[in-house]
Amino acid sequence: MSRPSAHPLHLSGDLSLRNISELHTRLKQALAEHRAIDLDTAAVESVDVGTLQLLVSATKSAAADDRTLSLAADAATPMGRALVRAGFFTAAGRPLVATLSSWTLTREAA
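Model, not experiment: these values are computed from the prediction.

Hey, could you run me through the side chain of T51 in this one?
For T51, the location among the structural elements is in helix α2 (residues 49-64). For T51, a relative accessible area of 1% translates into the label buried. Setting aside anything within four residues of it in sequence, one finds T51 in contact with L15, S16, I20 and L23.

Okay, here's the thing in structure tokens:
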């Protein structure tokens, strides 16, 4: 859930190395203009480890500059599955990387 003061940044489609330059530019611009960013990943169709590395780096860079980059994903989505496969969360949604406390993995109610 986004905070009222956080700027939403909608991500969609294929987030892979083919598109990583565009994503990098969007993240840099959003963080330059806003103190808090909430990544909306609901429309992401696929994601690779290079994109996850970029998001980790952007999150850590934001924190170092007293900014926040938050990410929330449902476990059933491509982003949620990628976060579990990459070892950021357990399948039950428990975080495994303490330095990414602004990231959450949720489960939609059935």
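Once you've had a look at it, read on.
So what exactly am I meant to see when it comes to the pattern of salt bridges here?
Should their charged atoms come close, side chains of opposite charge can pair. Counting across every chain of the model gives three salt bridges. Salt-bridge contacts for D14 lead to R18; the nearest nitrogen and oxygen are separated by 2.8 Å. The closest approach of N and O atoms between R35 and D66, which form a salt bridge, is 3.8 Å. Taken together, the residues span a long stretch of sequence, with R35 in the loop between α1 (20-33) and β2 (36-47) and D66 in the loop between α2 and β3 (68-74) at a distance of 31 residues. Looking at R35, the relative accessible area reads 46%, which means it is partly exposed.

Quick question: what am I supposed to make of α1 here?
For the α-helix, the turn length of 3.6 residues means that residues three or four positions removed from each other point alike. Taking 1.5 Å of rise per residue, 14 residues should cover 20 Å, and α1 covers 20 Å from first to last C-alpha, within 8% of that figure. Of all the residues in α1, the buried ones are L23, L27, A30 and L31. Each buried residue of α1 lies within a common arc of 95° when the element is viewed along its axis, so the set occupies one face. The exposed set on the far side of α1, more than 90 degrees from its buried face, consists of S21, E22, K28, A32 and E33. Looking at the buried side of α1, the elements it contacts are β1 (7-15), β2, α2 and β3.

Before we go on, may I ask you to explain the side chain of T41 in this structure?
Considering the arrangement of structural elements, one finds T41 in strand β2. A polar contact of 3.4 Å, which involves the side chain of T41, links it to the backbone oxygen of A72. Apart from residues lying up to four places away in sequence, T41 is in contact with L11, L71, A72, A73 and M79.

Cut-off values and rules
In every chain, residue numbers begin from 1 and rise along the written sequence. Given that this is a predicted model, residues contribute local features only at a pLDDT of at least 70 and side-chain atom pairs are listed and counted only at 80 or more, while totals for whole chains, interfaces and linings are drawn from all residues. The basis for the side-chain values is all heavy atoms of the structure; hydrogens and waters are excluded. Numbered from the N terminus, helices here are DSSP runs of H or I no shorter than four residues, and strands are runs of E no shorter than two. Burial status follows relative accessibility: with a 1.4 Å probe on protein chains alone, a residue under 20% of its type maximum counts as buried, one over 50% as exposed, and anything between as partly exposed. In what follows, residue pairs with any heavy atoms lying within 4.5 Å of each other are defined as contacts. Counted as salt bridges are all cases of a side-chain nitrogen of Lys or Arg within 4 Å of a carboxyl oxygen of Asp or Glu. To estimate the expected span of a helix, count its residues, drop one, and scale the result by 1.5 Å. Here the arc refers to the set of directions running from the helix axis out to each C-beta atom. Here a polar contact is recorded for every N or O atom pair within 3.5 Å, except that within protein the pair must consist of a potential hydrogen donor and a potential acceptor, and residues adjacent in sequence are included only if both atoms are side-chain atoms.

Treat this as a map of the structure, not an account of what it does.
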